[in-house]
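Remarks on the overall topology
Given next are the chains, with one letter for each unit.
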Amino acid sequence: MTDTRDFFTAVPRSEFETPGTSRGLVDVVRWRYLLNLLVRTGVTTRYRNSVLGWTWSYVRPAAQFLVFWVVLGLFMNLDRGIPNYAVYLFSGIVVINLFSEAFKNATTSIVGNAPLVRKVFLPRQLFAVSAVIVAFVHFLPQVGLLLVVCLLLGWIVNVSLLSILAILAGMLIVMLFALGLGLFFGAINVRFRDAENIVELLLLLATWASPVLYAWTQVQDAVVDKLGWPQWLVEVYMLNPITQGVELFHYAFWRPVTDTALQLPPGLAWNTLWTFLIAVGTLLFGQFVFRRLEGRFAQDL
């Protein structure tokens, strides 16, 4: 019979893993077959037993757009100085919807999958990542609707390679930022369910804290000209990754179909780089907190 001491000395120590630990987001790639299963489940079950089914992916943003357009554009005249306000508004709404769904679902992903977390070991980051990907899948019909409207307005004539890159950059920045925040609040939410209420408040502010319903120049006028506050506050405002995602979508969809004198945000290209780094930093911080707390998930749930 083989001596067990010979077996353990023959196998390198690195071959063994401590039970219940993972290598973070690296394991998401290693367990991609399970990630694919979670995404498919999330996509197919969202509208199960629903009469309208995927039509809700169009109805909800359309209703949201109509409310904002009528109340803010027609009644409150927030569309002043913003030609083609409908496209401007919808370009920002789809970005906010992507961020809101990804952030909210990632925050509740661990608690929502409590039976699996308690009974089976698997990289818990899979739940947050799959939630963000599912949000992206639900985001695509909204972008498709926006694209159709822009095509009817002559978007294809004025679109450029920079416009396509702006779309990709905007989506990447918003999804990374949402995933980082989702990992952070999702880990805290396991112990303190108040995190969900905090996230609800943040999502309530997200629409108003970005130039979705108004132009960024109105922030400049109010902060610097009316209130006399320093210019750097506007620059900090523009470094919000959600703000940058919205402005990139305005650049990609709204400007090619609009003859406007509204100036581009200063340093749009550089802000894209800086907000990408901020989003990556948020992801790394969220992953750090998540890994520090995930050891107690099963007990706390």
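This structure is a prediction, so every number in the text was calculated from the model and none was measured.

Let us look at the overall build of the chain. A tally of regular secondary structure across the chain gives 16 helices and zero strands. Looking at the chain as a whole, 45% of its 301 residues qualify as buried. The contacts in the chain between residues at least 6 apart in sequence include a share of 81% that link residues at least 24 apart. Summing over all exposed atoms, the chain offers an accessible surface of approximately 16,100 Å²; the carbon and sulfur share of this is 67%.

Together, Leu161, Leu162, Ile164, Leu165 and Leu168 line one region of the surface with nonpolar side chains, adding up to about 490 Å² of accessible area. The topology assignment puts Leu168 in helix α10 (residues 161-191).

What follows covers helix α14 (residues 241-254). In this model, α14 (14 residues) spans 19 Å end to end at C-alpha, consistent with the 20 Å of a helix rising 1.5 Å per residue. In terms of residue burial, α14 counts as a mostly covered element, since 13 of its 14 residues are buried. Sitting at the amino-terminal end of α14 is Asn240, which places a side-chain oxygen 3.1 Å from the backbone nitrogen of Ile242.

What follows concerns the nonpolar core. In terms of nonpolar packing, the biggest core is built from 82 residues, with Leu89, Phe99, Phe103, Phe249 and Phe253 touching the most fellow members. Tallying contributions element by element places α10 first for this core, with 15 residues. If near-sequence neighbours (up to four positions away) are discounted, Phe99 is found in contact with Val174, Phe177, Ala178, Leu181, Leu203, Ala206 and Ile242.

What follows covers the environment of Arg118. When you line up the elements, Arg118 lands in helix α7 (residues 114-119). Under the relative-accessibility criterion, Arg118 is labelled partly exposed at 43%. Along the sequence, Arg118 and Phe297 sit 179 residues apart, while their C-alpha atoms lie 7.7 Å from each other.

Attention now moves to helix α8 (residues 125-152). Helix length check: α8 (28 residues) gives 41 Å between terminal C-alpha atoms against 40 Å at 1.5 Å per residue, within 8%. Of all the bends found along α8, the most pronounced is centred on Phe139 and spans about 25°, while Pro141, a proline, follows it within four residues. Positioned one or two residues after α8, Gly154 has a phi angle of 95°, which is positive.

Before going further, it helps to examine the UniProt feature "transmembrane region" (unreviewed entry) in the chain. Under the UniProt annotation, "transmembrane region" (unreviewed entry) lies at residues 58-76, 82-99, 126-156, 162-186, 198-217 and 268-290. The span residues 162-186 carries 100% helix and 0% strand; its end-to-end C-alpha distance comes to 35 Å. When the span residues 198-217 is considered, its composition is 55% helix and 0% strand, and the gap between its end C-alpha atoms is 29 Å.

This brings us to the packing of helix α5 (residues 85-107) against α14. When two helices pack together, their arrangement is given by the angle between the helix axes and the distance between those axes. Where α5 meets α14, the axes come as close as 9 Å, and the angle between the chain directions of the two elements is 140°. Considering the angle they form, α5 stands oblique to α14. Viewed along their axes, α5 and α14 form a crossing whose handedness is right-handed. Residue-level inspection shows Val87, Tyr88, Ser91, Gly92, Val94, Val95, Ile96 and Phe99 of α5 in contact with α14, the latter providing Ile242, Gly245, Val246, Glu247, Phe249, His250, Phe253 and Trp254. Of the residues that constitute the contact of α5 with α14, the class distribution is eleven nonpolar, four polar and one charged.

Attention now goes to the packing of aromatic side chains. For the structure shown, the criterion picks out eleven aromatic pairs. Seen in terms of ring centroids, Phe249 and Phe253 are 5.4 Å apart; in terms of plane orientation they differ by 45°. Their pairing is tilted. Here the residue Phe249 and the residue Phe253 both occupy positions in helix α14, the gap between them amounting to four residues, near one helical turn. Owing to a relative accessible area of 1%, Phe249 belongs among the buried residues under this scheme.

Where α10 meets helix α11 (residues 194-206), the axes come as close as 8 Å, and the angle between the chain directions of the two elements is 145°. Contact with α10, carried on its side by Phe185, Ile188 and Asn189, involves Ala195, Glu196, Ile198, Val199 and Leu202 of α11 and no other residues of that element. Counted by class, the contact of α10 with α11 contains six nonpolar, one polar and one charged residues.

Here we come to the side chain of Glu247. One can find Glu247 in helix α14. Glu247 has contacts with Tyr88, Pro211, Trp216, Met238, Pro265 and Leu268, leaving out every residue within four places of it along the chain.

Positive phi outside glycine occurs at Asn84, with the angle close to 55°. Looking at the secondary structure, you find Asn84 in the loop between α4 (56-75) and α5. Asn84 sits in the partly exposed class, given a relative accessible area of 29%.

For the structure shown, the criterion picks out one salt bridge. One salt bridge in this structure joins Lys104 and Glu200, with 3.3 Å as the shortest N-O distance. Here Glu200 lies in helix α11 and Lys104 lies in helix α5, a separation of 96 residues in the sequence.

Parameters at a glance
- Residues numbered from 1 in each chain as written.
- Predicted model: local features only at pLDDT ≥ 70, side-chain atom pairs only at ≥ 80, totals over all residues.
- Heavy atoms only, no water.
- Helix = DSSP H or I, 4+ residues; strand = E, 2+ residues; numbered from the N terminus.
- Buried < 20%, exposed > 50% of the residue type's maximum accessible area, 1.4 Å probe, protein only.
- Contact = heavy atoms within 4.5 Å.
- Areas by Shrake-Rupley, 256 points an atom, 1.4 Å probe, with all protein chains shown as cover.
- Patch = residues over 30% accessible without salt bridge, like charges linked within 9 Å, V, L, I, M, F, W, Y side chains within 5 Å.
- Salt bridge = Lys/Arg side-chain N within 4 Å of Asp/Glu carboxyl O.
- Expected span 1.5 Å × (residues − 1).
- Polar contact = N/O pair within 3.5 Å; in protein donor to acceptor, adjacent residues only side chain to side chain.
- Core = buried A, V, L, I, M, F, W, Y, C linked by side-chain atoms within 4.5 Å.
- Bend = angle between axes of the 7 residues up to and from the residue.
- UniProt positions renumbered as here; feature names shortened; annotations may be inferred.
- Axes fitted to C-alpha atoms, helices over the stretch in contact; angles between N-to-C directions.
- Parallel < 35°, antiparallel > 145°, perpendicular 65-115°, else oblique.
- Left-handed = near helix turned anticlockwise from the far one by under 90°.
- Nonpolar A, V, L, I, M, F, W, Y, C, P; charged D, E, K, R; others polar.
- Phe/Tyr/Trp six-rings, centres within 6.5 Å; stacked < 30°, edge-to-face > 60°.

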